Amino acid sequence: EVASGKTTLAQFGDAPAAIIATAVIFSLASLAPVLKGANPNEAFGPLTPAAEKLNGRAAMIGLAAMLVIELTQGKPLITF
């Protein structure tokens, strides 16, 4: 947003295939430890399953809020 001055949805419209491919790659990378036999319920340092679930939910709420704000205002949330 800061570099292009476009909203998140406008940026997605510019390169949807690249964004979808990146999301798929990140999703597959998230599954790699489980496919290697790691226990998903086991803590890894400060990264406990409960903390990661909370972080993920907070990120989803933040992204949804940003999209709603941008849609209602019609401009990027962060501009300089």
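Look up a bit, the structure's there.
One numbering rule holds for all chains: residues counted from 1, following each sequence as written. For a predicted model such as this one, the threshold for reporting local features is a pLDDT of at least 70, and the threshold for listing and counting side-chain atom pairs is 80 or more; totals across whole chains, interfaces and linings nevertheless cover every residue. Side-chain figures throughout are based on the complete set of non-hydrogen atoms in the structure, without hydrogens or water.

A. Layout of the overall build of the chain. In this text, helices come from DSSP runs of H or I with a minimum length of four residues, and strands from runs of E with a minimum of two, each type numbered from the N-terminal end. Per the secondary structure count, the chain includes three helices and zero strands. If you list the helices and strands of the chain from N to C, you get α-α-α. In terms of overall dimensions, the chain is more spread out than a globule: its C-alpha atoms have a radius of gyration of 16 Å, far above the 12 Å expected for 80 residues. The buried label goes to any residue with under 20% of its type's maximum accessible area, the exposed label to any with over 50%, and the partly exposed label to all in between, with areas taken from a 1.4 Å probe on protein chains only. Taken across its 80 residues, the chain has 6% of its residues classed as buried. At a minimum sequence separation of 6, the contacts of the chain that also span at least 24 residues come to 54%. The size measure is the radius of gyration over C-alpha atoms, and the globule rule it meets is 2.2 Å times the number of residues to the 0.38 power. Note on contacts: a residue pair qualifies if any of its non-hydrogen atoms lie within 4.5 Å across the two residues.

B. Quick look at helix 2 (residues 16–35). Expected helix span is given by 1.5 Å per residue-to-residue step, counting one fewer step than there are residues. A rise of 1.5 Å per residue sets the reference length of helix 2, with its 20 residues, at 28 Å; its end C-alpha atoms lie 28 Å apart and thus fit the reference within 8%. Where helix 2 ends, the next residue or the one after it, glycine 37, has phi of about 100 degrees, a positive value.

C. Structural context of helix 3 (residues 49–73). Between its terminal C-alpha atoms helix 3 stretches 36 Å, which fits the 36 Å expected from 25 residues at 1.5 Å a residue. Where helix 3 terminates, the next one or two residues include glycine 74, which has phi positive at roughly 75 degrees.

D. Broad picture of the environment of alanine 23. Considering the arrangement of structural elements, one finds alanine 23 in helix 2. Remark: the alpha-carbon pair of alanine 23 and lysine 36, spanning 13 residues in sequence, is separated by 21 Å.

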